[in-house]
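Listed here are the chains, written in short residue letters.
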Amino acid sequence: MKTERIHRFTLRGAGWPIKWPIAAAVWALCHGVSVAEQTAQPLQPDAYFRADRAYHAIDANKLDDAEAATRAALAVQPDSLQLNLLLLDVLTRKGRLDAARTQADALVQKYPNEPRVYAQHGFLAQKANDSATAEQDFAHATQGTDWTPQEQRNLHLAWSDSAYSARHPQAALDALSGLQDQPDAGVQLRLAQSRLQLGDRDGATRAATLAEEHATDPAQKRYAKALLAEAMAPQVQSVATSPDDPRVIGQRELNEAYGHLRARDDRAALAAFQRGFATGQGNWSHYADAAYAAKRLGDNSTAITLFRKSLDVADADAKSDGGSNGNDSLPADRRFGYRREVEQMQRTWGMVLSGAYQTSAFGVPNTVSVFQGGAEVYWQPPGIGYRDGSIFQLFVRGYDNLYDGNGIAGLPTAQGSVGARYKPVKDLNLVFTAERLIRIGTQSVNDTLLRIGFSTDQGIDLQVTKPRWQTWQAYGEGAYFLNQGRMIISTEARYGHTWLLDSISDHLTVYPHVVLAGDHDNKATDRQLALGAGPGINFRYWFRESQYRAPASWLDLTVQYRLPLTHADRAKGVVARAILWF
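Everything numeric here is computed off the predicted structure, so don't read it as measured data.

(A) View of the pattern of salt bridges. Applying the stated rule across the entire model yields 29 salt bridges. Residue D64 pairs with K94 through a salt bridge whose shortest N-O separation is 2.8 Å. Of this pair, D64 sits in helix α4 (residues 63–76) while K94 sits in the loop between α5 (81–93) and α6 (97–110), and the two are 30 residues apart along the sequence. The exposure class of D64 is exposed, given its relative accessible area of 54%. For K94, a relative accessible area of 27% gives the class partly exposed.

The structure is reproduced here in structure tokens:
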């Protein structure tokens, strides 16, 4: 465990929604220790080793392992403030708030002069809706001298939020005494709501006006307008700024959700988002952020529902603003991205039909002018088929040579297979495949085929906001036939630009490109290495979409002419492929 791990989490700046309970900021305090603690009581080697395991378990979101490792470290060194705060953090991440608060109460008694303990105790008090205790805790925490300016700022904001919720508006203002000249919307909104509670409508008007001018979030702007309207209506009793008002409660929950997101606790974030939405608060971006949290948790049905709600809310906002919502509107490319997320999570099965022609075939020696057809049906099992970009599929497929220049085609060449493929890493297109080849025709084989494929690309999906865009693809695969002892390593790379043929259809694209392709076949009788390069063109038509789902299917035609870069004949000539992905 590197020393900097202790301090790697810092308090973030507070923006809208109002940073109550400043969850991310206070959460970060769990990961730090005071300077005095580091100097007076460094971790013993055994405790250090176990704490390091706990931090790694937290990084991997294995919270049960993190708790076990932390308790093991505490068994070695029970008086370590760092380890006690680490246990408090793990319990909080696990949602065991009662146990966490019991632990925090004990730490307050054990470390009565430690600001970080009071900061975390205040956070847990907020979670328990004990605003008065949280107010005292944060006021106590701000007396610490080891905080950075940003940390002090966030603690003062948390103190103000707690005091306001406890109906102590003057204390809420006192907590902001050193920040009130800042035009930041988060500060000014707090000033406005507390001044309204005190009856200072002029002061509230000034603060709400500043907040509206500097607000960057749609929800922030709406709340500023509500405060301003209330401040300028002196005959109407202040209601909207009551801590019990649903709007205020909802904004607090949304803020807490973002705090949990920064702390990488998607489960707690999703729960807070849902509580905020239940009060009627939330714009399209809030729903989308909640959807991504649900997606990371593998809760596809909830993520789909939230993405759909995000699109509905964006549409409703656009209609209410007459279609001119400016920066608050949902951009077309993000709308398409949300619809693509829905399409990917909804997919449970698919079918691929393909046809490929090559004047000099990769594979059987001396085979020329081969046209091969194939079909595949695959299934993604519920729960494990698609989980935050990790994909598992079971498939069955068959293919044969529909035409062969040597005269062997049709049923004798029919080859079947069943297998499974797995993409374990969401951000890395690395796919492992195992399949059993089943002999159907007299020229096919029974064998086991193991494959590892990797690809990377840019611009291959439809771009709804651009008439043209840069596109490139690179792919490599290793395939090993167990019975034959045959290893084929193949690769293909393309680079070009894609044009949208919107004069015909806004779902039709053309992609002229240059291609470099080749393979290495350890059983090839003439040349093991084949490499070719040349021009190519691709046409693709996207279809099968809905209001909430991006196009799920496409029809693709690619024609290339490859010039040989080696002496192997199979690397040259015309290559044509047609694919229907359904």
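So much for the structure itself; the text now carries on.
(B) Seen up close, helix α12 (residues 201–214). With 14 residues, α12 should cover 20 Å at 1.5 Å per step; its first-to-last C-alpha distance of 20 Å lies within 8% of that length. N-cap assignment for α12: the residue whose side-chain oxygen lies 3.0 Å from the backbone N of G203 is D200.

(C) Expanded view of unusual backbone geometry. Even without being a glycine, D388 presents a positive backbone phi close to 50°. Mapped onto the elements, D388 comes out in the loop between β3 (386–387) and β4 (390–404). Its relative accessible area of 12% is what places D388 among the buried residues. With phi around 65°, R544 is a residue other than glycine that occupies positive phi space. Within the fold, R544 resides in the loop between β11 (529–543) and β12 (553–564). Relative accessible area serves as the criterion here: at 29%, R544 is assigned to the partly exposed category.

(D) Representation of the nonpolar core in the model. Counting 39 residues, the largest nonpolar core has L83, L86, L88 and V117 as the members making the most contacts within it. Looking at this core, the elements that each hand over two or more residues are α3 (45–59), α4, α5, α6, α7 (115–127), α8 (131–141) and α9 (149–165). Here this core gets eight residues from one element, more than from any other, and that element is α5. The contacts of L83, once residues within four sequence positions are left out, are L43, A47, A51, T70, A73, L74 and Q77. If you look at the next biggest cluster of nonpolar residues, it comprises 27 residues, including A257, A290, A314 and M345.

(E) Here's a closer look at a nonpolar patch on the surface. On the surface, W349, V377, W379, L394, V396, L411, V418, I438 and I440 cluster together into a nonpolar patch covering about 820 Å² of accessible area. When residues of the nonpolar patch are traced back to their parent elements, those giving at least two are β2 (368–379) and β4. Along the chain, V418 turns up in strand β5 (residues 415–423). Here V418 falls in the partly exposed class, since its relative accessible area comes to 37%.

(F) Inspection of the packing of aromatic side chains at higher detail. Taken as a whole and assessed by the stated rule, the structure comprises eleven aromatic pairs. Geometrically, the ring pair formed by F277 and Y287 is stacked, given 3.8 Å between the ring centres and 15° between the ring planes. With F277 in helix α15 (residues 266–278) and Y287 in helix α16 (residues 284–296), the pair connects residues that are ten residues apart, well separated along the chain. The buried category is assigned to F277, whose relative accessible area is 11%.

(G) Representation of the packing of α7 against α8. In contact at an axis separation of 8 Å, α7 and α8 are set at 160° when each is read in the N-to-C sense. By the angle class used here, α7 and α8 are roughly antiparallel. Regarding α7 and α8, the two cross each other, and that crossing is left-handed. Residues P115, Y118, A119, H121, G122, F123, A125 and Q126 of α7 form the contact with α8, whose participating residues are T133, A134, D137, F138, H140 and A141. Tallied by class, residues from the contact of α7 with α8 come to eight nonpolar, five polar and one charged.

(H) Representation of the pairing of strand β9 (residues 486–500) within the structure. Here strand β8 (residues 468–481) pairs with β9 via 14 bridges, running antiparallel. Within β9, the position partnered with W472 by the bridge is Y495. Taking the residues that link successive antiparallel strands as the turn, the β8-β9 hairpin has four residues, and the phi of G485 there is positive, at about 65°. Of the pairings in the sheet, the one linking β9 to strand β10 (residues 508–521) comprises eleven bridges and is antiparallel in character. By the bridge assignment for β10, I488 is matched with D521.

(I) Looking closely at α7. Between its terminal C-alpha atoms α7 stretches 19 Å, which fits the 18 Å expected from 13 residues at 1.5 Å a residue. With twelve of its 13 residues buried, α7 lies for the most part within the structure. Inspection of α7 places P115, R116, V117, Y118, A119, Q120, H121, G122, F123, L124, A125 and Q126 among the buried residues, and these make up the whole buried set. Measuring from the backbone nitrogen of R116 back to the side-chain oxygen at the start of α7 gives 3.1 Å, which picks out E114 as the cap. The first or second residue beyond α7 is N129, which carries a positive phi of 60°.

(J) Quick peek at the environment of D46. By the element assignment, D46 lies in helix α3. A relative accessible area of 47% places D46 in the partly exposed class.

(K) Layout of the confidence of the model for the protein. Looking at the protein as a whole, the pLDDT averages 83, with 87% of positions reaching at least 70. Ignoring residues within four places in sequence, the model shows residues 1–25, a span with pLDDT below 50, making 96 contacts including any to other chains.

(L) Geometry of the environment of L228. Take L228: it is sitting in helix α13 (residues 218–231). With relative accessibility at 14%, the residue L228 sits in the buried group. Through-space distance from the C-alpha of L228 to that of E212 is 8.7 Å; in sequence the pair is 16 residues apart. The contacts of L228, once residues within four sequence positions are left out, are T205, A208, T209 and E212.

(M) The arrangement of the packing of α15 against α16 in detail. In contact at an axis separation of 9 Å, α15 and α16 are set at 145° when each is read in the N-to-C sense. Of the two possible hands of crossing, α15 and α16 adopt the one that is left-handed. Contacts between α15 and α16 involve D266, L270, F273 and F277 from the former and H286, Y287, D289, A290, A293, A294 and R296 from the latter. For the contact of α15 with α16, the class distribution of residues is seven nonpolar, one polar and three charged.

(N) Broad picture of the side chain of T70. With respect to the helices and strands, the residue T70 is situated in helix α4. Within the structure, the side chain of T70 is placed 2.7 Å from the backbone oxygen of A66, a separation counted as a polar contact. T70 has contacts with A54, L83, L86, L87 and V90, leaving out every residue within four places of it along the chain.

Rules and cut-offs
Residues numbered from 1 in each chain as written. Predicted model: local features only at pLDDT ≥ 70, side-chain atom pairs only at ≥ 80, totals over all residues. Heavy atoms only, no water. Salt bridge = Lys/Arg side-chain N within 4 Å of Asp/Glu carboxyl O. Helix = DSSP H or I, 4+ residues; strand = E, 2+ residues; numbered from the N terminus. Buried < 20%, exposed > 50% of the residue type's maximum accessible area, 1.4 Å probe, protein only. Expected span 1.5 Å × (residues − 1). Polar contact = N/O pair within 3.5 Å; in protein donor to acceptor, adjacent residues only side chain to side chain. Core = buried A, V, L, I, M, F, W, Y, C linked by side-chain atoms within 4.5 Å. Contact = heavy atoms within 4.5 Å. Patch = residues over 30% accessible without salt bridge, like charges linked within 9 Å, V, L, I, M, F, W, Y side chains within 5 Å. Areas by Shrake-Rupley, 256 points an atom, 1.4 Å probe, with all protein chains shown as cover. Phe/Tyr/Trp six-rings, centres within 6.5 Å; stacked < 30°, edge-to-face > 60°. Axes fitted to C-alpha atoms, helices over the stretch in contact; angles between N-to-C directions. Parallel < 35°, antiparallel > 145°, perpendicular 65-115°, else oblique. Left-handed = near helix turned anticlockwise from the far one by under 90°. Nonpolar A, V, L, I, M, F, W, Y, C, P; charged D, E, K, R; others polar. Pairing = 2+ DSSP bridges. pLDDT = per-residue confidence, 0-100.

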